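Residue-level listing of the chains:
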Amino acid sequence: MNVIDVSLAELFEQYKEEVKESIETLDAELVALEQDPGDSEVIFSIFRHLHSLKGSSRMFNVENIGLLAHKLEDLMQLIDQDNSILSRFPGIVELLFEGNDIFRETIARLETDIGFVHLTPAHTQFIERVNRQLQLLSRKENVLLEKVQVLLDELTAVLPSLEESESAGLVRAVQDLTKSFSLWAMDSGRDEMRYSYGGNDFTPLIHNYESGLAKFKADKFTAEDVEVFLKNIGELVQSLFEVAEENLMPVLQELNDGLDMYKQRDLDIDPVVIEFFSGILMDLKENFKVEVGQWPTGPLSHSPEIKGDVEAGVTEPVFGVQRSQVKTVRVDEKKIDLFLDSVGRLITQSEILQHLQFAFKQAGINPALLRDFTAVNRTIAHDVLALQRSIMEVRQVEIDNILKKFPRLVRDIAHEMGKKVELVVSGERTPIDKSLLDDVENALIHIVRNAIDHGLETPAEREVAGKDLRGRISIEVEQEEASVLIEVTDDGRGVDLKTVRKQAFNRGMISKDQYETMTDEEAETLIFKSGLTTKAEATDISGRGVGLDVVMSNLRKWNGRVSLTNRPGQGLSISLVIPITNTLLTKEAILLKLGGLTFCLPLEQIMEIVTIPVSRIHKHQGQAVFQHRNQVIGVVDTYSMLGLNLGKNEDSPNQTFIILRGKRDTRKAVGVEEILGQQKIVVKEFELDAFRRLPYCQGLSMLGDGRVVLVLDADSLVD
Amino acid sequence: MTDNRTGTDEALNREETKRVLIVDDSSVMRKMLAKFFTESGFEVVGLAADGVEAIEMFDRHHPDVMTLDIIMPKMRGTEVLEKIMARYPEATVVMASSVSDARTVMKCLKIGAKQYILKPYDQQKVMTAIRKALDL
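Residues numbered from 1 in each chain as written. Chains lettered and ligands numbered in written order. Predicted model: local features only at pLDDT ≥ 70, side-chain atom pairs only at ≥ 80, totals over all residues.

### Brief notes about the overall build of chain A
Using the following cut-off: Helix numbering and strand numbering both begin at the N terminus, where a helix is a DSSP run of H or I of at least 4 residues and a strand a DSSP run of E of at least 2. Counting other C-beta atoms within 10 Å of its own, a residue is labelled buried from 20 upward, exposed at 12 or fewer, and partly exposed in the gap between, with every C-beta atom placed from the backbone. Working definition of a contact: two residues with C-beta atoms, positioned from the backbone, lying within 7 Å.
For chain A, the helix and strand inventory stands at 26 helices and 21 strands. Split into buried and exposed, the 719 residues of chain A put 33% on the buried side. Once local pairs closer than 6 in sequence are excluded, the contacts in chain A between residues at least 24 apart make up 70%.

Spelled out as structure tokens, the structure:
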């Protein structure tokens, strides 16, 4: 036999032939299986062919067939163990047929040369279906999965109420999410868990175990690491043997044997060894008492209440939910918020996965594994996003909720002012996030009051001006791509900028110089400033000088913008633009280093990031300032405010500043040691009293790598 | 192999050359392993496609080392291993399978397999394990 001459290319051709043969055999055997689902010989043969397909496909880097065959093999293995599966799930044979068709198609299209063969969406979709089936068949118990299950139960509990808002997208998102979770839930250990057994805390030992495994998995370990790992496990085994009860003994014995075997045979740290130690770890954990850290899992514990309060609904896990069974149920807004909170955590977890992916890549993990991970990750990120979007949709209500109050309001104000007003409303069906309702309503009331009081003339004045005796106010709402645009227009006198200037000067808000040189545009911005009213006397209704600035600062927290169009003599329009897709859950934030510590600062509060020479920083009345874009900008002494030690690079000739925008449009700069990057964060407001008074911070956030950092609050830093 | 070898060299060589039996139900995998072994200076004494054939060939050739697949027709690799170890306690058997289930791996090692190679493997991975198994 002259095998030495066979080239890899020839072997590859033979591989393809072998796959084709297997496909034919599988077809025949699947037909046999359909006829006699109890034939264990046929079951084993199908299993064997799939197994062999997996093995050889992986040898030739035909990953798509390899992965598919692997999944179907898992399915067959379960069927092999439990014959009743086929009668309980008759769809499985069809699934296997479909899989075989995919093999056939894939192998036909395979190029002649050997290379990496990637998964197509068709493969991924099919694999997901098989996964779903596998999940239905085998529920492996594991701590994290349980947690996820709780979360999913929570989702299920609110699912019916989501149905009420006809959010089919959300239902799908929840279902997709379930699927994705099942893919990774098995593997992701969580740092904040504590493990105890027989009253002893084994957390550090378990963590050592885990970190050793993580090194192996990342393929980044030295001989010394292996030694440390084995020593750690030795320690764990020893201390466990002392307290172990009967049920833990077999696992311990197995772990001990595994250790011996490893040493005896000098095995390589390969997937099998890693799997062995991972499997044992999982078994150990099942016997341990597991507690989860305080944060960020709080609201999960409320889930039983949620379930209890829902009037009717689905108690089955999400996997089994069928849309047609779901009934309409009302759910308290608080519960929706709780749910929102859960989604927030999901987002954080999805960020953690992103970070892991990056870390894996850096660590040079096995490419096939990385690819799987990346694919799963992408699905999760996508699903979480869809979930987030849908939950925002659920929270949306029509703006009519606010607008319907206005006819009465306008009538009453007009009556009191002795004015005649016609109100025209349009776009009242535009959706708006529930949480925005109050702020938008207050803003509108403010604006409309001002319009009637200041804007519209008395009927007598209007007659002189040649206008209709009845003033007209319109509120137009429109959805513009990602924003809601609300425009309030009156046909009154507009704003007399001369009066505005004079008032501002009289109240010392602007200097003589400014008074004389100010442009009309600049004068218009004065209208937004607090303390200014063009009215000689404040009335009950408006003119107390807490005007538009309040409107503005309330809307700014939603990233809203206020602008105005003044037509002197003709009227005034005030526009509010509020983004709707800028979801309220996540914020883009800059990660920065201060006093050697990492902080977050939401992007929305940042005007600009500049690096300037230290020589440009001056002292002015005891405060550090620098000039930037013709503006003097004060430097906030963050170090003493936050009680930090000065950072290292004091000697650097340059200093980086983040220029912040405060509530009243004041600008201040915060010097930072380093900008670390940008990240999506979920801000968790302080819950503990001890933290509540922590100044200059708005909350905590968990970063992708699991670190918890403080989120700075620009408003309090600046003002 | 070169042509100018003397008979003595050849005889000496044969004595040192390790003889291997390859067991796998996939013909491509058998050929691939055979290629690895011949390229590394081993002599392939047989290729078996199922468990029963494996035992027959082992009886006939008494190889220095056997690579053994697990999921095969007629008789599973684990059963083959048990039979071989019972008959030849000194046999060197290296499992070569894509069964990654750690309990199966442990079981094989306990029965007496010297090493366990997981598919997909390459020449280096196979030869490292084989040399460890043979104490080379």
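### Observations concerning the overall build of chain B
Along its length, chain B carries six helices and five strands. If you list the helices and strands of chain B from N to C, you get α-β-α-β-α-β-α-β-α-β-α. Looking at the 136 residues of chain B, the share that counts as buried comes to 46%.

### Some points on the sheet that holds strand β7 (residues 471-480) of chain A
Residue and element names in this part refer to chain A. Put simply, the rule is: Strand pairing is defined by DSSP finding a minimum of two bridges between the two strands. Think of each axis as a best-fit line through the C-alpha atoms, taken over the contacting stretch in the case of a helix, with angles from 0 to 180 degrees between the N-to-C directions.
The strand order β5-β7-β8-β10-β9 describes an open sheet built from five strands, whose pairing is mixed. In the strand order of this sheet, the two ends are held by β5 (421-426) and β9 (561-567), each with one partner. Direction aside, the axes of adjacent strands within the sheet are offset by 15 degrees on average. Against the sheet, helix α17 (residues 406-417) engages β5 and β7, with an angle of about 160 degrees to β5. Helix α18 (residues 437-455) rests against β5, β7, β8 (483-490) and β10 (571-579) of the sheet, and its axis sits at about 20 degrees to β8.

### Digging into the nonpolar core
Applicable threshold: Linking buried Ala, Val, Leu, Ile, Met, Phe, Trp, Tyr and Cys residues through C-beta atoms within 7 Å yields a set, and such a set is a nonpolar core.
By size, the foremost hydrophobic cluster in this structure holds 92 residues, and its most contacted members are L68(A), L68(B), V94(B), M95(B), Y116(B) and I117(B). With eight residues, the single largest contributor to this core is helix α3 (residues 63-81) of chain A. Those residues in contact with L68(B), other than ones at most four positions away along the chain, are V23(B), A54(B), G77(B), V80(B), L81(B), V93(B), M95(B) and A96(B). Counting residues in hydrophobic clusters, the runner-up holds 41 residues, among them V410(A), I473(A), I486(A) and L576(A).

### Section: the pairing of strand β3 (residues 65-68) of chain B
Residues and elements named next belong to chain B. Note the following rule: Viewed with both strands pointing away, a crossover whose connecting path from the first strand over the helix to the second turns clockwise is right-handed.
The alternating pattern of β3 places V65 and T67 and M66 and L68 on opposite faces, both of which are buried. Relative to β3, strand β1 (residues 19-23) is paired through four bridges, and the arrangement is parallel. Bridging across to β3, V23 finds its partner in L68. Across three bridges, β3 lies against strand β4 (residues 93-97) in parallel orientation. Across the sheet, M66 pairs through a bridge with V93, a residue of β4. Read as a crossover between parallel neighbours, the route from β3 over helix α4 (residues 77-87) to β4 is right-handed.

### Brief notes about the packing of helix α12 (residues 271-287) of chain A against helix α5 (residues 102-111) of chain B
Put simply, the test is: Roughly parallel here means an angle under 35 degrees, roughly antiparallel means over 145, roughly perpendicular means 65 to 115, and every remaining angle is called oblique. Crossing chirality is assigned from the near helix's rotation relative to the far helix, an anticlockwise turn below a right angle marking it left-handed and a clockwise turn marking it right-handed. Just so you know the grouping, Ala, Val, Leu, Ile, Met, Phe, Trp, Tyr, Cys and Pro go in nonpolar, Asp, Glu, Lys and Arg go in charged, and all remaining residues, Gly too, go in polar.
As a packed pair, α12(A) and α5(B) sit with axes 8 Å apart at the nearest point and diverge in direction by 110 degrees. The orientation of α12(A) relative to α5(B) falls into the category roughly perpendicular. The handedness of the crossing between α12(A) and α5(B) is left-handed. Residues V272(A), E275(A), F276(A) and G279(A) of α12(A) touch α5(B), and the partners they reach there are A102(B), V105(B) and M106(B). A per-class count over the contact of α12(A) with α5(B) returns five nonpolar, one polar and one charged.

### Thoughts on the interface of chain B and chain A
Each side of the interface is counted separately: chain B has 27 residues, and chain A has 27 residues. Every element with two or more residues in the side of chain B that touches chain A is listed here: α2 (27-39), α5 and β5 (115-118) of chain B. Sort the elements by how many residues they give to the side of chain B that touches chain A and α2(B) lands first, with nine residues. The residue makeup of the side of chain B that touches chain A, split by class, is 14 nonpolar, six polar and seven charged.

### Things to note about α5(B)
Put simply, the rule is: The arc in question is traced by the directions running from the helix axis to the C-beta atoms.
Those residues of α5(B) that fall on the buried side of the exposure criterion are A102(B), V105(B), C108(B) and L109(B). All buried residues of α5(B) lie within an arc of 125 degrees about the axis, which places them on one face of the element. Residues of α5(B) that are buried in the fold lie against α11 (249-265) and α12 of chain A together with α4, β4 and β5 of chain B. A positive backbone phi angle near 140 degrees is found at G112(B), which sits one or two residues after α5(B).

### Things to note about the environment of Q655(A)
Residue and element names in this part refer to chain A. Residue placement: Q655 occurs in strand β17 (residues 654-661). For the pair Q655 and S615, spaced 40 residues apart in sequence, the C-alpha separation works out to 9.6 Å. What Q655 contacts, discounting residues up to four positions off in sequence, is T611, I612, V614, I617 and G671.

### Observations regarding the sheet that holds strand β18 (residues 667-672) of chain A
Residues and elements named next belong to chain A. Strand order in the open sheet made by the six strands is β13-β17-β18-β16-β15-β14, with mixed pairing throughout. Each of the sheet's edge strands pairs with one partner strand only, and the pair in question is β13 (606-613) and β14 (618-620). Mean inter-strand twist for the sheet, computed between neighbouring axes without regard to direction, equals 40 degrees. In terms of strand pairing, β14 meets strand β15 (residues 623-628) through three bridges, oriented antiparallel.

### Describing the pairing of β17(A)
Residue and element names in this part refer to chain A. Bridge count between β13 and β17: seven bridges; the pairing is antiparallel. Residue pairing across strands places V610 opposite F657, the latter belonging to β17. Judged from the six bridges that link them, β17 and β18 form a sheet pairing that is antiparallel. Bridge pairing in β18 links F657 to G671.

### Brief notes about helix α20 (residues 497-506) of chain A
Residues and elements named next belong to chain A. Within α20, burial applies to L497, V500, R501 and A504. Down the axis of α20, the buried set is contained in an arc of 100 degrees. They therefore lie on one face. Residues K498 and N506 are exposed on α20 and point more than 90 degrees away from its buried face. The inward-facing, buried residues of α20 abut α21 (512-517) and α22 (520-526). Where α20 terminates, the next one or two residues include G508, which has phi positive at roughly 70 degrees.

### Topic: unusual backbone geometry
The omega torsion of the bond from K119(B) to P120(B) falls at -5 degrees, within 30 degrees of zero and hence cis. For P120(B), the position within the fold is in the loop between β5 and α6 (123-133). For N61(A), which is not a glycine, the phi torsion comes out positive at approximately 60 degrees. The residue N61(A) is located in the loop between α2 (40-59) and α3 in this model. At H62(B), a position not held by glycine, the phi torsion is positive, near 45 degrees. By the secondary structure assignment, H62(B) is in the loop between α3 (51-61) and β3.

### Considerations on the confidence of the model for chain B
Residue and element names in this part refer to chain B. The cut-off we apply is this: Think of pLDDT as the predictor's per-residue confidence, scored from 0 to 100.
Looking at chain B as a whole, the pLDDT averages 87, with 89% of positions reaching at least 70. The low-confidence segment residues 1-12 (pLDDT under 50) makes one contact with residues lying over four places distant or belonging to another chain. Prediction confidence for the complex, expressed as pTM and ipTM, is 0.45 and 0.83 respectively.

### Section: the environment of A523(A)
Along the chain, A523(A) falls in helix α22. With residues up to four places along the chain from it excluded, the contact list for A523(A) reads L497(A), V500(A), R501(A) and M518(A).

### Concerning the packing of helix α5 (residues 91-109) of chain A against helix α6 (residues 121-137) of chain A
Residues and elements named next belong to chain A. Where α5 contacts α6, the axes come no closer than 11 Å and their chain directions differ by 155 degrees. With respect to each other, α5 and α6 are oriented roughly antiparallel. α6 is crossed by α5, and the crossing has left-handed handedness. Side by side, α5 and α6 meet where I92, L95, E98, G99 and I102 of the first sit next to A122, H123, F126, R129, V130 and Q133 of the second. Split into classes, the residues belonging to the contact of α5 with α6 amount to six nonpolar, three polar and two charged.

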